[in-house]
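Structure at a glance
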Amino acid sequence: MFLLVFYMFIYTFKSANGANLEHRWRLKYKDMSLQRLTALRALMASQPSALAAYIVPTADAHNSEYISPVDARREWLSGFTGSAGTAVVTSANALVWTDGRYYTQFEKEADLTTWTLMKQSLPETPSMEKWLASNLLAGSIVGVDPKTMTREEWTPLQMALTKAKMQLVAVDKNLVDQARVQLNEPPPERPHNVIMHLPLQYTGKTAGQKITELREAMAEKKSSALVVTALDEIAYTLNLRGSDIDYNPVFFSYLLITPTSVVLFWHLGQIPEGVAASLRDEGVEIEGKPYDEIVPTLRRFARELSENGDGEHSIWLSGEASEAIHRAASGEGYLKKPLNLVSEVSPVALAKLIKNDVELEGFRQCHIRDGIAVVRFFRWLHSQVDAGNNITEIQAADKLLEFRKDEKDFMGPSFETIPGAGENGAIIHYSPSRDGPQRDIRSKDMFLLDSGGQYKDGTTDITRTRHMGQPERLQQDSFTRVLKGQIAVGSALYPKGVKGNVLDSLARKALWDVGLDYAHGTGHGVGHFLNVHEGPAGVSWRPYPHDPGLKPGQILSNEPGYYKVGEYGIRHEDLVETIAVTKDTKHHRAAGLLGDYDGRGVLGFNTITLVPHHKMCISEELLTDFELNYLNAYHERVFQTLGPILMERRLREDYVWLEKECSPIMRA
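Because the structure is predicted, anything quoted here is derived from the model rather than measured.

A closer look at the overall build of the chain
- A tally of helices and strands in the chain yields 19 helices and 28 strands.
- Taking 2.2 N^0.38 as the reference for a compact globule, 668 residues should give roughly 26 Å; the C-alpha atoms of the chain span a radius of gyration of 25 Å, in line with that estimate.
- With respect to the principal axes defined by its C-alpha atoms, the chain has extents near 80 × 60 × 50 Å.
- A separation threshold of at least 6 residues defines the contact pool for the chain, and within that pool the share at least 24 residues apart is 73%.
- Carbon and sulfur atoms make up 52% of the accessible area of the chain, which amounts to about 27100 Å² in all.
- In the chain, which carries 73 positive and 85 negative side-chain charges, the distance between the mean positions of the two groups comes to 2 Å.

In structure tokens:
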């Protein structure tokens, strides 16, 4: 078993002593930030054609959402540790575009005398393309490492700059990496940890079956090769898992599939015999090549196809593959006539989006075990706080990890636990520091806990908000409105094929009714013992560009929230399974069906997360009869599922606590 390692970052300190430490840290970081920017600007000026601007995305060569420290260039440069954001550096400006999840975090972490926050969720904030076009002179050259930008990002940026009489150029040697070396702060080595085979009992489909289906799709597209660059897609296709990126069971690699071969570009190219044997058993003869050989190999392959000369050859790769990979695969820059590329959504992304029966059952089972761990944790936490014991956010996260480790097939957290006490709960992606003064969880606090586990049979992601004492009336109101939004999504019926963004307003209506909202999406896809955030579908006010429409067998999150900055945060998050619904389906709204959307088919959600909501925080007068019945039925299912397991394991105190938490809410 491997455990994914915690990667903690520094946040604000609250005590008087902590404030002094924070002040000294900020002064030190201000000098560091300016020094790093100065080094980067010198490199920009020294290029063969001096760069007026240099773009630093939060990205690796695989378009991963979460990245390894070796690729954390924007973080090193700006000090901002959020998982999303793009930095732009000119001779006079340093800016970061990021979304509403990270505004508060950016202002705490970055040197605001040096860096400017561009709030990209706000309509008045210009896009990066518009800002560059408006603030640089005609003829300016903008540079970016083509390995860190996808073709889908590159093309519109190039068009916008060309229209403004500017030029976008590929800088193959990353300037931030060079600056780090110059300042004696070189990036760490790229990890290539052990990879493991995930047996058929967990995956439900052999790697050989998956590759056969991909080759059939290739034949339909008349593609001579499929290049898979997304790390979770490679892991899914080959039924392999790794640990090269914290919390994400993936490994740095590329996969090249042709009608006759399967080539894995990994580490030095030597595939472990145990892994190779497992793949042979699943019908795949794998060839290994070094990780860094992907570009030279694609160039050779493109040249061979070009020399064939019949015009029928193309290479298929995702539009989310990097610009560097697109250039290598097409022959751009070295072939007289570049190859045609099929650059569109990856067939692997669409395949893993729909879970098979084995994967779905695994999701259901691991959520039962995960529910046990979270219930045990909350019972423990309340007992500690009620007894007057000092429990810090870090101690809470560590204790939750202990409970999850007790569960079968647990492999590690699925992301860094967010244990936000009081005001820290309003930082949407909060991460407490293990260094310096610690924030205790107090009896007067709202406590937001967002956490998840990686299990061999599935991935979990759950948020529960609880008050550690007696909530205020406004907190109860906000809590209940967020809950109403979650129930609205969880109980919704909708046509098969509808895109997730259509459902987003359901989650917000109860908040919108009183002028409240939240600055993040409502739901994301979830991988099967893979990335906790999985495309190409989701539920958000902003449409997912490659959302194929909802179908049975998907796993999504349902997580509305509300955040009162400086005071508290509220978020309720469940994972849900999309299911086909008829009048006979066990679904809260099934009996009322009068049709099936003219033959399109009816879909709904089945909630698979099993942890009660904090009844003390609920204002039942805000709930309709339907919502109250829905919540009581959910709590009954939680208790009927988890209670017998707790008794069987002789966890009597946890059983009694759960029984109380799941008792029905009665109208006054």
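A short note on the pairing of strand β10 (residues 253–257)
- Burial analysis of β10 places five of its five residues in the buried class, the great majority of the element.
- Here strand β8 (residues 225–228) runs beside β10; their pairing, made up of three bridges, is antiparallel. Paired with Leu226 across the strands is Ile257, a residue of β10.

As for the state of the cysteines
- Inspection of every chain in the model, using the stated rule, returns zero disulfides.
- Of all cysteine sulfurs, the one in Cys617 lies closest to Cys662, which takes part in no disulfide; the gap is 15 Å.
- Owing to a relative accessible area of 6%, Cys662 belongs among the buried residues under this scheme.

So, the sheet that holds strand β11 (residues 262–266)
- An order of β12-β11-β10-β8-β13-β14 is seen for the six strands of this open sheet, with the pairing classed as mixed. Each end of this open sheet is capped by a strand with a single partner; those strands are β12 (286–289) and β14 (340–343). Neighbour-to-neighbour, the strand axes of the sheet open up by a mean angle of 20 degrees, direction not taken into account.
- In this sheet, β14 lies alongside strand β13 (residues 314–317) in parallel orientation, the contact comprising four bridges.

Focus on the side chain of Asp370
- Structurally, Asp370 is set in helix α14 (residues 357–386).
- According to the relative accessible area criterion, Asp370 is buried, its value standing at 3%.
- Within polar-contact distance, the side chain of Asp370 engages the side chain of Tyr455 at 2.7 Å.
- Beyond its immediate chain neighbours, meaning those up to four positions away, Asp370 contacts Arg404, Gly453, Tyr455, Thr460 and Ile462.

Quick notes on the nonpolar core
- Within the largest apolar cluster, 54 residues are counted, with the highest numbers of intra-cluster contacts made by Leu238, Leu264 and Ile315.
- If we skip the residues at most four places from it in the chain, Leu264 touches Ile234, Leu238, Phe251, Ser253, Tyr254, Leu255, Ile271, Ile286, Glu287, Gly288 and Lys289.
- Counting 36 residues, the second largest nonpolar core, distinct from the first, contains Ala492, Tyr562, Ile618 and Leu623.

Some points on the sheet that holds strand β20 (residues 462–467)
- Within the open sheet, the three strands sit side by side as β16-β17-β20. Their pairing is antiparallel. The sheet terminates laterally at β16 (418–421) and β20, the two strands that pair on one side only. Between one strand axis and the next, the sheet turns by 10 degrees as a mean value, whatever way the strands run.
- Pairing between strand β17 (residues 446–451) and β20: six bridges, direction antiparallel. Bridge pairing in β20 links Met446 to His467.

Focus on helix α16 (residues 473–490)
- Taking 1.5 Å of rise per residue, 18 residues should cover 26 Å, and α16 covers 25 Å from first to last C-alpha, within 8% of that figure.
- α16 sits mainly inside the fold: 15 of its 18 residues count as buried.

Points about the pairing of strand β1 (residues 53–57)
- When you tally the buried positions in β1, you get five out of five residues, the bulk of the element.
- The two faces of β1 match: Ala53, Ile55 and Pro57 on one face and Tyr54 and Val56 on the other face are all buried.
- In this sheet, strand β5 (residues 141–144) lies alongside β1 in parallel orientation, the contact comprising two bridges. Looking across to β5, one finds that Tyr54 is bridged to Gly143.
- Relative to strand β2 (residues 86–90), β1 is paired through five bridges, and the arrangement is antiparallel.

What about unusual backbone geometry?
- Cis geometry is adopted by the peptide bond preceding Pro536, which originates at Gly535 and carries an omega value of 5 degrees.
- Looking at the secondary structure, you find Pro536 in strand β23 (residues 534–539).
- Of note in this structure, Lys222 is not a glycine but carries a positive phi near 55 degrees.
- With respect to the element layout, Lys222 can be found in the loop between α8 (207–221) and β8.
- Given the relative accessible area of 57%, Lys222 is considered exposed.
- Look at Arg650: it is not a glycine, yet its phi comes out positive at around 60 degrees.

Topic: the packing of aromatic side chains
- Applying the stated criterion to the full structure yields 12 aromatic pairs.
- Seen in terms of ring centroids, Phe639 and Tyr655 are 5.3 Å apart; in terms of plane orientation they differ by 50 degrees. Their pairing is tilted. Taken together, the positions of Phe639 in helix α18 (residues 625–648) and Tyr655 in helix α19 (residues 652–661) put the pair 16 residues apart, joining distant regions of the chain. You'll find Phe639 and Tyr655 in the same group, each marked buried.

Some words on the confidence of the model for the chain
- Overall, the predicted model of the chain reaches an average pLDDT of 93, with 95% of residues at or above 70.
- Here residues 1–25 is a poorly scored stretch, pLDDT under 50, and it has 71 contacts once near neighbours within four places are set aside; other chains count.

A closer look at the side chain of Thr237
- Within the element layout of this structure, Thr237 appears in helix α9 (residues 231–238).
- In this structure, Thr237 is in contact with Ala207, Lys210, Ile211, Leu214, Leu255, Ile257 and Val348, ignoring residues within four places of it in sequence.

Side note on the packing of α8 against α9
- Taken N-terminus to C-terminus, the directions of α8 and α9 make an angle of 115 degrees; their axes are 7 Å apart at the nearest point. Between α8, through Ala207, Lys210, Ile211 and Leu214, and α9, the contact on the second element is made entirely by Tyr236, Thr237 and Leu238.
- In terms of residue class, the contact of α8 with α9 is made up of five nonpolar, one polar and one charged.

A few points about helix α12 (residues 323–330)
- The buried count for α12 comes to seven of eight residues, which makes it a mostly enclosed element.
- Against α5 (151–163), β8, β10, α11 (294–308), β13 and β14 lie the buried residues of α12.
- Note on α12: the residue one or two positions beyond its end, Gly331, has a positive phi of about 85 degrees.

Topic: the pattern of salt bridges
- This structure, assessed with the given rule, holds 41 salt bridges.
- In this structure, Glu285 and Arg280 form a salt bridge, with 3.9 Å as the shortest nitrogen-oxygen distance.
- Look at Glu285 and you get exposed, because its relative accessible area is 54%.
- A salt bridge links Glu534 to Lys352, with the nearest nitrogen and oxygen atoms 3.1 Å apart. With Glu534 in strand β23 and Lys352 in helix α13 (residues 347–353), this residue pair connects regions lying 182 residues apart in the sequence. With respect to class, Glu534 is no different from Lys352; both count as buried.
- One connected set of salt bridges, linked through shared partners, spans Arg376, Arg379, Asp406, Glu653 and Asp654.

Scoring rules and cut-offs
- Residues numbered from 1 in each chain as written.
- Predicted model: local features only at pLDDT ≥ 70, side-chain atom pairs only at ≥ 80, totals over all residues.
- Heavy atoms only, no water.
- Helix = DSSP H or I, 4+ residues; strand = E, 2+ residues; numbered from the N terminus.
- Rg over C-alpha atoms; globule rule 2.2 N^0.38 Å.
- Contact = heavy atoms within 4.5 Å.
- Areas by Shrake-Rupley, 256 points an atom, 1.4 Å probe, with all protein chains shown as cover.
- Lys, Arg positive; Asp, Glu negative; His and termini not counted.
- Charge placed at Lys NZ, Arg CZ, Asp CG, Glu CD.
- Buried < 20%, exposed > 50% of the residue type's maximum accessible area, 1.4 Å probe, protein only.
- Pairing = 2+ DSSP bridges.
- Disulfide = S-S within 2.5 Å.
- Axes fitted to C-alpha atoms, helices over the stretch in contact; angles between N-to-C directions.
- Polar contact = N/O pair within 3.5 Å; in protein donor to acceptor, adjacent residues only side chain to side chain.
- Core = buried A, V, L, I, M, F, W, Y, C linked by side-chain atoms within 4.5 Å.
- Expected span 1.5 Å × (residues − 1).
- Phe/Tyr/Trp six-rings, centres within 6.5 Å; stacked < 30°, edge-to-face > 60°.
- pLDDT = per-residue confidence, 0-100.
- Nonpolar A, V, L, I, M, F, W, Y, C, P; charged D, E, K, R; others polar.
- Salt bridge = Lys/Arg side-chain N within 4 Å of Asp/Glu carboxyl O.

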